[in-house]
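# Fold and geometry: a report
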Amino acid sequence: MKFHFAPVQGHTDAPYRHFHAGMYGHDISYYTPFIRLERGDLRVRDVKDFTSGLNDEAHLVPQIIFRDADELESLVRLVKDKGATEIDLNMGCPFPLQTGHGRGASTVANSALADKVADIVKSNPDIVFSVKMRLGFSDPDEWKILLPRLNQVRLSHLAVHPRVAKQQYGGDLYLDRFEQILECSSNPVVFNGEIKNPADVQSISTRFQSINGIMIGRGLLARPSLISEVMDGEEWDKVKRIDTMLSFHRNLLDYYSSTLCGETQLISKIKPFWEYAEDEIGRKAWKAIKKATNLAKYHSAVAMI
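Residues numbered from 1 in each chain as written. Predicted model: local features only at pLDDT ≥ 70, side-chain atom pairs only at ≥ 80, totals over all residues. Heavy atoms only, no water.

Moving on to the pattern of salt bridges. For side chains of opposite charge, pairing can occur when their charged atoms come near one another. On inspection of all chains with the given rule, the structure shows 19 salt bridges. Here Glu 38 and Arg 39 are joined by a salt bridge, their closest N and O atoms 3.8 Å apart. Between Lys 144 and Asp 141 there is a salt bridge, and its shortest N-O distance comes to 3.9 Å. Looking at Asp 141, the relative accessible area reads 27%, which means it is partly exposed. (Salt bridge = Lys/Arg side-chain N within 4 Å of Asp/Glu carboxyl O. Buried < 20%, exposed > 50% of the residue type's maximum accessible area, 1.4 Å probe, protein only.)

Below, the structure written as structure tokens:
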């Protein structure tokens, strides 16, 4: 079973990935938050994140997001120029800011673009491509437009979140559609969506025994030890999970303290570490962290954990 840490904007930057890999130490594939074009070139912050020396010890794959063949072709060329040998194509982002401009999950039903995706993958044999996708924008059968084109090319894997974009991260998973994709795909398939604990990993891997791996995003932000627990073959007790999470947080806080300027910047950067961890750390501490307006209050809130 291969594990993939899905990118989450505003959370999984290079320092976070670096200290997560160092603390939890298993063989995990990490992905950059999506890279997009801005005025015809790569955004400076995206390049800085992808090329950071903090990435050296982790398996990192740049993820790109695009709305048409021109954007896709430019992004592939520019990211290759920065040294990429693997590229993940984001065809699954559900956020309206992206889908409203034809990117992310809006690309699944774009048959003309699907043909171009296949052409561009074929014309770059020196790059290992993967695709992260949803079932579609509003119809859970839109994937039937894209999948035949993807079956024409070789991908390292196809990561599928079995929801449509309009659901965002709520509502039921279309597990029946995921099973159909698993049966029809000529490429290895990775499951993505609502993995929160080792029991969820076990349930999905038992139900879909031919999957190539599991991708987890928000579940790892909430419980950073999740993959380590699965790889260790046993669920960690709460004390071990929290102690290790606090050590991870301390390493990240020390790094940000030495690289950022001012208390306000530091607070805004470190507070998202706990955004998804309410169930893990308890509502009282979680609310106190959220309300903290300075470092003294923040440290007091973290001490409540």
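Further remarks concern the sheet that holds strand β8 (residues 128–136). Taking strand neighbours across the sheet as the criterion, the nine strands line up as β5-β2-β1-β11-β10-β9-β8-β7-β6 in an open arrangement whose pairing is parallel. The open sheet has two edge strands with one neighbour each: β5 (59–61) and β6 (63–65). On average, adjacent strands in this sheet sit at an angle of 25 degrees to one another, irrespective of strand direction. This element, helix α7 (residues 175–184), spans β8, β9 (158–164) and β10 (189–192) of the sheet and lies at about 165 degrees to β10. (Pairing = 2+ DSSP bridges. Helix = DSSP H or I, 4+ residues; strand = E, 2+ residues; numbered from the N terminus. Axes fitted to C-alpha atoms, helices over the stretch in contact; angles between N-to-C directions. Contact = heavy atoms within 4.5 Å.)

Counting across every chain of the model gives 14 aromatic pairs. For the pair Phe 191 and Phe 208, a centre-to-centre distance of 6.3 Å together with 20 degrees between the ring planes defines the contact as stacked. Note that Phe 191 is positioned in strand β10 and Phe 208 in the loop between α8 (198–207) and β11 (213–216), a separation of 17 residues in sequence. On the basis of relative accessible area, Phe 191 is assigned to the buried category, the value being 0%. Residue classification places Phe 208 among the buried residues on the basis of a relative accessible area of 2%. Grouping aromatic residues by their ring pairs yields a cluster made of Phe 5, Tyr 16, Tyr 24, Tyr 30, Trp 236, Phe 248, Phe 273 and Trp 274. Its guanidinium or amino end placed over the ring of Tyr 169, Arg 134 lies 4.9 Å from that ring's centre, counting from NZ or CZ. Geometry around Trp 236 places Lys 240 over its ring, the cationic atom sitting 4.3 Å from the centre. (Phe/Tyr/Trp six-rings, centres within 6.5 Å; stacked < 30°, edge-to-face > 60°. Lys NZ or Arg CZ within 6 Å of the ring centre and 35° of its normal.)

Right, let's talk about the nonpolar core for a bit. In terms of nonpolar packing, the biggest core is built from 85 residues, with Ile 64, Phe 66, Ile 87, Leu 89, Val 117, Met 133 and Trp 274 touching the most fellow members. Examining the composition of this core, we find that seven residues originate from one element, helix α11 (residues 238–259), more than from any other. Contacts of Ile 64, omitting those with residues within four sequence positions, involve Ile 35, Leu 72, Leu 75, Val 76, Val 79, Ile 87, Asp 88, Leu 89 and Asn 90. With six residues, the next largest nonpolar core counts Ala 6, Val 61, Ala 159 and Met 215 among its residues. (Core = buried A, V, L, I, M, F, W, Y, C linked by side-chain atoms within 4.5 Å.)

Counted residue by residue, strand β7 (residues 86–91) has five buried out of six residues, so it is predominantly covered. Bridge analysis of β6 against β7 gives three bridges, and the strand direction is parallel. Bridged to Ile 64 within β7 is Leu 89. Taken together, β6, helix α3 (residues 69–81) and β7 form a β-α-β motif whose crossover is right-handed. Relative to β8, β7 runs parallel, the two being bridged by six bridges. Residue pairing across strands places Glu 86 opposite Val 128, the latter belonging to β8. (Right-handed = clockwise from strand over helix to strand, strands pointing away.)

Of the two faces of strand β2 (residues 28–31), the one lined by Ile 28 and Tyr 30 and the one lined by Ser 29 and Tyr 31 are each fully buried. The pairing of strand β1 (residues 2–5) with β2 spans three bridges and is classified as parallel. Each residue of the ladder has a partner; that of His 4, found in β2, is Ser 29. One crossover worth recording links β1 to the parallel β2 by way of helix α1 (residues 14–24), and it is right-handed.

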